[in-house]
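Single-letter residue listing:
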Amino acid sequence: MPATEPTPLSPSASERPAEGGLRGSNQAGIRAHNERLVLSILRRQGALAKSDIARITGLSAQTVSVIMRALEADGLLIRGEPVRGRIGQPSVPMSLNPEGAFFFGLKIGRRSVDLVLTDFLGRITAQRRQTYRYPTHDAVVDFVARALPEMIAALPPPLRARVGGLGIAMPFQLWNWAQYLGAPQAEMDDWRNRDIQAEIAAFSPVPVYVRNDATAACGAELVFGTGERPKDFLYFFIAYFIGGGLVLNGQLFTGRTGNAGALGSMPVPGPDGAMRQLISVASMASLETYLSEAGLSSDALWDTPPDWTMPEAILDRWLTEVAAGLAHATLAAASVVDVEAALIDGWMPPEVRARLVERTRRALARLDVAGIEPPPIREGSVGAQARSLGAASIPLSQRYLVDQNAFLKEG
């Protein structure tokens, strides 16, 4: 059945303004919303005392105290050491309990499938992986059917009941990519005619959710990202194919079909000046081709973590082409949506990502930006595992965070 989202609530006029654009409600019967609000704030800001949470949310001290006791009793929060030296009772910071909840994230890629188990902080505690030349429906279902019960059984018995769901991050309409993957069309048509979510939900002991893989990676940046996170940003994730996502007002925007921010389909000039989709100039597929043309193996591209030992000339050519495509795509998107930054991440070593960001900045500076204020280009902070972590963030957000404005299905 369709997954439900928490309904945003409007506080009464008598409540004082809250900081940071977040408010709670003291009305009876809506404790679930307020609990999500507290958990979201602690995830974003780290350990806080009850007085800090009351100030940020506008909730009364009594309401916050009740919420915090309930969350602590449920094992979702842990107490820190009392902070002394102030007038009155010492304050006790509360933070998320890493073992408070666990989530599975399944990434279905063009070259591999990964199943990770994360704790409440988004740290990967277990992982299974299988590589292939192209993804088949049966191979993925069989992989999950084997790996899922093994990973649950490996948890200490008291923690098994704390697994909150399984998120799937996968490319939509995989059957349309058969020619690019070198896969038989008949096998890829299985993705059109069968429901991967329903088949996994049939044996999964926890709810199953699905999201586009690049959008899921963007969700990982939003939920687990470190450092400064702008309220509005464009997000590029480079893997076998490039994809993207869009965050507006601090919320992941997925659109009517769940495929908003499909930046890989954006038309940009190619190296020869002809217009083509971004996926053809800014994806790892082209890097794989360049290595093959040079008589080199591309297998190391898909290792975990990725190992990009290759001739500098090949990498330099690829970085130049990708940066040019990203610069054009960023400028085109900025003419429609006014965002604070464009983030670049992907299945690549951090040092390669840093070089790509710098080249994209230079490429963007060479374009005609008259009438447009292009956003700053920054590195994403999650890295190569963003799709798997983004998949795990789906059930986490669904159960424990305030409304992420996401289009989800529950199996």
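Criteria and thresholds
- Residues numbered from 1 in each chain as written.
- Predicted model: local features only at pLDDT ≥ 70, side-chain atom pairs only at ≥ 80, totals over all residues.
- Heavy atoms only, no water.
- Pairing = 2+ DSSP bridges.
- Helix = DSSP H or I, 4+ residues; strand = E, 2+ residues; numbered from the N terminus.
- Buried < 20%, exposed > 50% of the residue type's maximum accessible area, 1.4 Å probe, protein only.
- pLDDT = per-residue confidence, 0-100.
- Contact = heavy atoms within 4.5 Å.
- Axes fitted to C-alpha atoms, helices over the stretch in contact; angles between N-to-C directions.
- Parallel < 35°, antiparallel > 145°, perpendicular 65-115°, else oblique.
- Left-handed = near helix turned anticlockwise from the far one by under 90°.

Observations concerning the sheet that holds strand 14 (residues 377-379)
- One open sheet holds the 5 strands; their spatial order is 10-9-8-13-14, and the pairing between them is mixed. The open sheet has two free edges, formed respectively by strand 10 (251-252) and strand 14, since each of these has just one partner strand.
- As paired strands, strand 8 (residues 233-238) and strand 9 (residues 242-248) are joined by 6 bridges and run antiparallel to one another. Each bridged residue has a counterpart across the sheet, and for Leu 234 the counterpart in strand 9 is Leu 246.

Remarks on unusual backbone geometry
- You will see that Gln 173, though not glycine, has its phi angle at about 55°, which is positive.
- As for its position among the elements, Gln 173 is in the loop between strand 6 (163-170) and helix 6 (178-181).
- On the accessibility criterion, Gln 173 (45% relative accessible area) is partly exposed.
- Here the phi dihedral of Asn 249 falls at roughly 55°; this positive angle occurs in a residue that is not glycine.

Remarks on the environment of Pro 305
- As for its placement among the helices and strands, Pro 305 is situated in the loop between helix 11 (284-293) and helix 12 (312-334).
- By relative accessible area, which is 63% here, Pro 305 ends up exposed.
- Pro 305 sits 80 residues away from Gln 385 along the chain, and the two C-alpha atoms are 9.0 Å apart.

Topic: the confidence of the model for the protein
- Looking at the protein as a whole, the pLDDT averages 88, with 89% of positions reaching at least 70.
- Overall, residues 1-21 carries pLDDT values under 50, and its contacts beyond four positions in sequence, including any with other chains, amount to 40 contacts.
- A low-confidence stretch, residues 25-30 stays under pLDDT 50, and its non-local contacts, those more than four residues away or across chains, total 11 contacts.

Considering the packing of helix 2 (residues 50-57) against helix 3 (residues 61-73)
- Relative orientation of the contacting elements helix 2 and helix 3 amounts to 120°, with a least axis distance of 9 Å. Classified by the angle between their axes, helix 2 and helix 3 sit oblique to one another. Seen from above, helix 2 lies across helix 3 with right-handed handedness. Of the residues in helix 3, those touching helix 2 at Lys 50, Ile 53, Ala 54 and Thr 57 are Ala 61, Val 64, Ser 65 and Met 68.

What about the sheet that holds strand 7 (residues 208-212)?
- Taken together, the 5 strands give an open sheet; going across it, the order is 5-4-3-6-7, and neighbouring strands pair in mixed fashion. Pairing within the sheet leaves two strands with one partner each, and these edge strands are strand 5 (124-131) and strand 7. Along the sheet, successive strands turn relative to each other by an average axial angle of 15°, direction set aside.
- Summarising the sheet, strand 4 (residues 112-118) and strand 5 pair through 7 bridges and their orientation is antiparallel. Pairing of Thr 118 across the sheet is with Ile 124, part of strand 5.
- Sitting on the sheet, helix 10 (residues 213-224) touches strand 6 and strand 7, and the angle it makes with strand 7 is about 100°.
- Where helix 14 (residues 386-400) meets the sheet, it contacts strand 3 (102-108), strand 4, strand 5, strand 6 and strand 7, and its direction lies at approximately 140° from that of strand 3.

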